[in-house]
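Reading the structure
The lines below spell out each chain.
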Amino acid sequence: QVQLVESGGELVQAGGSLKLSCAASGRSFSSYSMGWFRQAPGKVREFVAAISWRASITDYRDSVKGRFTITRDNAKNTVYLQMNNLKPEDTAVYYCAAVYSTTTIPQTDIGYNYWGQGTQVIVSS
């Protein structure tokens, strides 16, 4: 069992930066692949980024490549999402997700077992 708590979301101007954090509790965090998803009002939840258990593999949706970076610190049981050059279309609730896996980093929400409560990011134009 893993509990996830996101933080770091806030209101920011377009072009600005934010760093989201997701703190995990429970055992064997380092054996979990981690993902970030987001959901804008009236839209379905979408994949943003994912990272493998040893951080050897990362993946991003096309619209955030070159702007967002996912990292993890297994000693701190935390995964991060550094977001640079933010755009109004990045406005959403951002969710952290986890799945016990040492081989895959799913890009769909059904691939994850555990979810945080979300943190709101608002990018003003």
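Here is what the cut-offs are and how they apply
- Residues numbered from 1 in each chain as written.
- Predicted model: local features only at pLDDT ≥ 70, side-chain atom pairs only at ≥ 80, totals over all residues.
- Heavy atoms only, no water.
- Disulfide = S-S within 2.5 Å.
- Helix = DSSP H or I, 4+ residues; strand = E, 2+ residues; numbered from the N terminus.
- Phe/Tyr/Trp six-rings, centres within 6.5 Å; stacked < 30°, edge-to-face > 60°.
- Buried < 20%, exposed > 50% of the residue type's maximum accessible area, 1.4 Å probe, protein only.
- Lys NZ or Arg CZ within 6 Å of the ring centre and 35° of its normal.

Here we take up the state of the cysteines. Using the criterion set out here, one finds one disulfide in the structure. C22 shares a disulfide with C96; S-S distance 2.1 Å. Across the S-S bond linking C22 and C96, the dihedral sits near -80 degrees, which makes this disulfide left-handed. With C22 in strand β3 (residues 18–25) and C96 in strand β9 (residues 92–100), this pair connects stretches of sequence that are 74 residues apart.

Time to look at the packing of aromatic side chains. The relative placement of two aromatic rings is captured by the distance of their centres and the angle of their planes. For the structure on display, the rule yields six aromatic pairs. Ring plane angle 75 degrees and centroid distance 5.7 Å describe the contact between F37 and F47, whose orientation is recorded as edge-to-face. Of this pair, F37 sits in strand β4 (residues 32–39) while F47 sits in strand β5 (residues 46–51), and the two are ten residues apart along the sequence. Residue class for F37 comes out buried when judged on its relative accessible area of 1%. Look at Y112 and W115: their rings are 6.2 Å apart centre to centre, the planes differ by 65 degrees, and that puts the pair in the edge-to-face class. A residue is classified by how much of its surface remains accessible, and Y112, at 5% relative accessible area, is buried. Residue classification places W115 among the partly exposed residues on the basis of a relative accessible area of 25%. Connected via pairs of aromatic rings, a cluster forms that spans F37, F47, Y112 and W115. The aromatic ring of Y95 is capped on one face by R45, whose charged end is 5.6 Å from the ring centroid. Of note, R72 hangs over the ring of F29, and the distance from its end group to the ring centre comes to 4.6 Å.

Such coordinate-based values are descriptive only and should not be taken to indicate function.
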